[in-house]
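Close look at the chain arrangement
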Amino acid sequence: MNLINKPLIVVENLCKGFEDGEVLRNVSFTIREGDLASIIGPSGCGKSTFMRCLNCLELLDSGSISIAGVTISRRPGQVPDEKMLDIAHEIRSEVGMVFQSYNLFPHKTIIENIMLAPMVVKKQPKDEVYEQAMKLLDKVGLKGFASKYPSTLSGGQSQRAAIARALAMNPRVMLYDEPTSALDPELVGEVLQVMKDLDAEGMTQIIVTHEMKFARDASDYIIFMDNGEIVEYDDGDILFTAPKSERTKAFLRHFVNTGVA
Ligand SMILES: Nc1ncnc2c1ncn2[C@@H]1O[C@H](COP(=O)(O)OP(=O)(O)OP(=O)(O)O)[C@@H](O)[C@H]1O
Ligand SMILES: [Mg+2]
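Report follows, based on the coordinates. (Residues numbered from 1 in each chain as written. Chains lettered and ligands numbered in written order. Predicted model: local features only at pLDDT ≥ 70, side-chain atom pairs only at ≥ 80, totals over all residues. Heavy atoms only, no water.)

Within the secondary structure layout, Ser 219 lies in the loop between α7 (212-218) and β9 (221-226). Within polar-contact distance, the side chain of Ser 219 engages the side chain of Ser 38 at 2.7 Å. Within polar-contact distance, the side chain of Ser 219 engages the backbone oxygen of Ala 215 at 2.6 Å. (Helix = DSSP H or I, 4+ residues; strand = E, 2+ residues; numbered from the N terminus. Polar contact = N/O pair within 3.5 Å; in protein donor to acceptor, adjacent residues only side chain to side chain.)

Moving on: the packing of aromatic side chains. Applying the stated criterion to the full structure yields four aromatic pairs. Ring plane angle 65 degrees and centroid distance 5.5 Å describe the contact between Phe 29 and Phe 50, whose orientation is recorded as edge-to-face. Here Phe 50 lies in helix α1 (residues 47-54) and Phe 29 lies in strand β2 (residues 21-32), a separation of 21 residues in the sequence. The exposure class of Phe 29 is buried, given its relative accessible area of 2%. Classification of Phe 50 as buried rests on a relative accessible area of 0%. On the numbers, 5.1 Å between centres and 35 degrees between planes, the contact of Phe 224 with Phe 251 is tilted. With a gap of 27 residues between them, Phe 224 in strand β9 and Phe 251 in helix α9 (residues 246-257) connect regions that are remote in the sequence. According to the relative accessible area criterion, Phe 224 is buried, its value standing at 0%. Within the aromatic cluster, the residues linked to one another by ring pairs are Phe 29, Phe 50, Tyr 221 and Tyr 233. A cation over an aromatic ring shows up here: Arg 165 above the ring of Phe 105, its NZ or CZ 5.4 Å from the ring centre. (Phe/Tyr/Trp six-rings, centres within 6.5 Å; stacked < 30°, edge-to-face > 60°. Buried < 20%, exposed > 50% of the residue type's maximum accessible area, 1.4 Å probe, protein only. Lys NZ or Arg CZ within 6 Å of the ring centre and 35° of its normal.)

The subject of this paragraph is the site of ligand 1. Around ligand 1, a shell composed of Phe 18, Val 23, Pro 42, Ser 43, Gly 44, Cys 45, Gly 46, Lys 47, Ser 48, Thr 49, Glu 58 and Glu 178 is seen. Take Ser 43: an N or O atom from its side chain is 2.6 Å from an oxygen atom of ligand 1. If one sorts the elements of the shell around ligand 1 by residue count, α1 sits on top with three residues. Classifying every residue of the shell around ligand 1 by side-chain character gives four nonpolar, five polar and three charged. (Near = heavy atom within 4 Å. Nonpolar A, V, L, I, M, F, W, Y, C, P; charged D, E, K, R; others polar.)

On to the environment of Gly 41. Its location among the elements puts Gly 41 in the loop between β3 (36-40) and α1. A residue is classified by how much of its surface remains accessible, and Gly 41, at 2% relative accessible area, is buried. As for Gly 41 and Thr 241, which are separated by 200 residues in sequence, their C-alpha atoms are 16 Å apart. Not counting chain neighbours up to four residues away, the residues in contact with Gly 41 comprise Lys 47, His 210, Phe 224, Met 225 and Phe 251. (Contact = heavy atoms within 4.5 Å.)

So, about the pattern of salt bridges. Counted according to the given criterion, the structure contains 14 salt bridges. Glu 22 is the partner of Arg 25 in a salt bridge, and the nearest nitrogen-oxygen pair spans 3.5 Å. The exposure class of Glu 22 is partly exposed, given its relative accessible area of 44%. Here Arg 52 ties to Glu 58 by a salt bridge, and the two come within 3.6 Å at their closest N and O atoms. Counted as one network, the salt bridges with shared partners bring together Lys 16, Arg 52, Glu 58 and Asp 61. (Salt bridge = Lys/Arg side-chain N within 4 Å of Asp/Glu carboxyl O.)

If you walk across this open sheet you meet the four strands as β2-β1-β4-β5, and the pairing is antiparallel. Since the sheet does not close on itself, it has two edges, and those belong to β2 and β5 (70-74), each with one partner. Ignoring which end each strand starts from, the neighbouring axes of this sheet average 10 degrees apart. Examined bridge by bridge, strand β4 (residues 62-67) and β5 share five bridges and lie antiparallel to one another. (Pairing = 2+ DSSP bridges. Axes fitted to C-alpha atoms, helices over the stretch in contact; angles between N-to-C directions.)

Most of the time, phi is negative for any residue but glycine, and the peptide bond is trans. In this model, Cys 56 sits at a positive phi of 65 degrees, which is unusual for a non-glycine residue. Structurally, Cys 56 can be placed in the loop between α1 and β4. Positioned with a positive phi, Asn 103 is a non-glycine residue whose angle comes to about 60 degrees. Locating Asn 103 in the fold gives a position in the loop between β6 (95-98) and α3 (110-120).

Inspection of the secondary structure assignment puts Glu 178 in the loop between β7 (173-177) and α6 (185-200). Buried and unpaired, Glu 178 has Lys 47 as its nearest opposite-charge partner, separated by 4.8 Å. Not counting residues up to four positions away in its chain, the partners in contact with Glu 178 are Lys 47, Gln 100, Val 208 and His 210. (Lys, Arg positive; Asp, Glu negative; His and termini not counted.)

By themselves, these figures tell us nothing about what the structure is for.
As C-alpha cells, then:
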C-alpha cells in the first residue's frame, strides 16, 4: 500500500440498482496511482456491477466517481443529460476492461484485434498503431502470435491478447472481472504474471478474483464486498490474517473449508 502517490480513483457514495432493487449501496473508496487492488466477495454481491459502474458501462444512480481527474456525479433521481453522458464516455476512454470471456473478434487476427480500437476510435495512424501493438504482444508474451486467429489460441493466450487489446488504448486504469475464472488451472499463472508485470511498471489495476493467493500476494489492497457494500478493505496480509468484520471472517472460512484457498 503506498501513501505517496496521489489518488487516481475516488468513489463516493456510489449507488446503483436495477428493477429488482438496490445492488450497490453507498460504496466509497480511493485507489492511488500504481496500486493493485483485488475485490473478493460472494456471488451476486455486486462485484461485476461495481466494475461496470467504474468504467461507466452502467451509469451510476447516485454518488460520484472520479478517474484521473474526470468526475461523474449524479444526485438521486437526477435525469442524465448530454453532459453527463459525455463525461461517462470520457471516463470509459481512460479505463481498460478485461472480462472472463475474452471477447476477441473471431474473424480478425490477434494483431488486428489489438489495432482496431486505436485506429477506429482514436484515429491513430496505422504504422504507429502497428508498432505499438507489436510491443504490446511482446509484453504479454505473444510475439509470435500476431497473425494467428483467436480460435487457435489457448485460454491463457486469449486472455493475454485481450489484455494487450485493452492496453492499446493507453488506459490510466485497468479493470479485470474474473479474468482467470474460465481458464484451466495451469493457465492461470501466465495471466496473473501479466498483471504483476503491469503492476511493476506502475499501472493502476483493480481485479475481481477468486484467486485468493494472488490477491494476498500481489495486491496493495483487498476489498471485501458483501450485499452491495464494501465491508472491509485493507492490506492483504491484514485482511486474510486478522479480518475485522464477522462477514469477512465467514467468507474466508468458507473458502478455506471448500479448499479453494
Ligand atoms: N443488468 C442487470 N439487470 C438487472 N439486474 C442485474 C443486472 N446486472 C446485475 N444485476 C443483479 O445485481 C446483482 C449483483 O450482480 P453482479 O453480477 O454485480 O454480482 P457479482 O458479485 O459479480 O456476482 P458473481 O460473483 O456471480 O459474478 C445480482 O442480483 C444480479 O442479478
Ligand atoms: Mg461477477
